[in-house]
Amino acid sequence: MTDFRVGLGFDSHRTGEGRPLILAGVRIDSPFGLVGHSDADIVLHALTDAILGAVGRGDIGELYPNTDPANKDRDSRDFIDGALAAADDAGGWKVVNTDVTIFAERPHLGKWKPAMQASIAEMLGIEQDRVNVKAKTGEGVDAVGRGEAMSCQVVVLMSRDNDF
Ligand code: MG
């Protein structure tokens, strides 16, 4: 028998000049980036929370407080590694698939989707067709629409075999 769990994650960061734009671990060509204590990768932060949520292990802030100097400018891949380790520890949970929506007025992210999907698939150790990345603009509305912020929503399905 197989058990399933679903998890939801959300993150947003302010945009800022002089910062790199890193989404899903991919460095995106952009005249501005995202401001944050770590590398401000909204995709990996939302994905980390989705994994932790699915297996009932709290959230990214509990595992990696932004008051800890060790997390400053940290590569967010570390957070994914930590979440996957927590999922394994919580009972051998593995990622089945994930669906990601990025909200950004600019730059245009369409051409970066395949690279982001490949990056996420490699981090999670799953086939690329189990990872979907969507990009939407803010339609000129709210902080995202004005280009002041970007945000990301992630849903993830986890499973474990229960044959014992
Ligand atoms: Mg964040």
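Keep in mind that this is a model prediction, so the values were computed, not measured.

Student: Before we go on, may I ask you to explain the environment of I28 in this structure?
Tutor: Take I28: it is sitting in strand 3 (residues 26–28). When the C-alpha positions of I28 and W112 are compared, they lie 7.5 Å apart, and in sequence the two are 84 residues distant. When neighbours within four sequence positions are excluded, I28 is seen to be in contact with L21, L23, P107, L109 and W112.

Student: Hey, could you run me through the packing of helix 1 (residues 42–54) against helix 3 (residues 77–89) in this one?
Tutor: The relative placement of two packed helices comes down to the angle between their axes together with the axis-to-axis distance. Across the interface, helix 1 lies against helix 3 with an axial gap of 9 Å and an inter-helix angle of 10°. What the angle tells us is that helix 1 and helix 3 run roughly parallel. From helix 1, L44, H45, L47, T48, I51 and L52 reach across to helix 3, where they touch R77, F79, I80, A83, L84, A86 and A87. Across the contact of helix 1 with helix 3, the residue classes tally to 10 nonpolar, 2 polar and 1 charged.

Student: Even after reading the chapter, I still don't get the nonpolar core, so can you show me in this structure?
Tutor: As a rule of thumb, soluble globular proteins bury nonpolar side chains together. L23, V43, I102, I120 and M158 are the most contacted members of the largest nonpolar core, which has 42 residues in total. The leading source of residues in this core is helix 1, at 9 residues. With sequence-adjacent residues up to four places away left out, V43 is seen in contact with L23, A24, V100, I102, I120, C152 and V154.

Student: What should I look at first to understand the sheet that holds strand 7 (residues 149–161) in this one?
Tutor: To summarise the sheet geometry, strands pair through backbone hydrogen bonds and adopt either a parallel or an antiparallel arrangement. Pairing in this open sheet of 5 strands is mixed, and the strands run 4-1-7-5-6 from one edge to the other. Of all strands in the sheet, those with a lone pairing partner are strand 4 (32–34) and strand 6 (131–136), marking the two edges. Neighbour-to-neighbour, the strand axes of the sheet open up by a mean angle of 20°, direction not taken into account. By the bridge criterion, 9 bridges tie strand 5 (residues 94–103) to strand 7 in an arrangement that is antiparallel. Within the sheet, the bridge partner assigned to N97 lies in strand 7 and is L157.

Student: Can you help me understand the environment of K113 in this one?
Tutor: Inspection of the secondary structure puts K113 in helix 4 (residues 113–124). Of the residues examined, K113 reaches a relative accessible area of 27% and is grouped as partly exposed. Distance in space between the C-alpha atoms of K113 and K134 is 7.4 Å, their sequence separation being 21 residues. If we skip the residues at most four places from it in the chain, K113 touches V133, K134 and A135.

Student: What's the story with the pairing of strand 7 in this structure? I'm lost.
Tutor: In the case of a regular strand, side chains alternate between the two sheet surfaces. Alignment of strand 1 (residues 2–17) against strand 7, held across 13 bridges, turns out to be antiparallel. Opposite F4, over in strand 7, you have S159 as the bridge partner.

Student: Would you take a moment to explain the pattern of salt bridges for this structure?
Tutor: Should the charged atoms of two oppositely charged side chains come close, the side chains can pair. Under the defined criterion, the tally for this structure stands at 10 salt bridges. Close ionic contact of E127 with R130 constitutes a salt bridge, the shortest N to O distance being 2.7 Å. Residue E127 is classed as partly exposed on the basis of its relative accessible area, which comes to 46%. With a relative accessible area of 32%, R130 lands in the partly exposed category. One connected set of salt bridges, linked through shared partners, spans R19, K72 and D73.

The rules behind the values
Residues numbered from 1 in each chain as written. Predicted model: local features only at pLDDT ≥ 70, side-chain atom pairs only at ≥ 80, totals over all residues. Heavy atoms only, no water. Helix = DSSP H or I, 4+ residues; strand = E, 2+ residues; numbered from the N terminus. Contact = heavy atoms within 4.5 Å. Axes fitted to C-alpha atoms, helices over the stretch in contact; angles between N-to-C directions. Parallel < 35°, antiparallel > 145°, perpendicular 65-115°, else oblique. Nonpolar A, V, L, I, M, F, W, Y, C, P; charged D, E, K, R; others polar. Core = buried A, V, L, I, M, F, W, Y, C linked by side-chain atoms within 4.5 Å. Buried < 20%, exposed > 50% of the residue type's maximum accessible area, 1.4 Å probe, protein only. Pairing = 2+ DSSP bridges. Salt bridge = Lys/Arg side-chain N within 4 Å of Asp/Glu carboxyl O.

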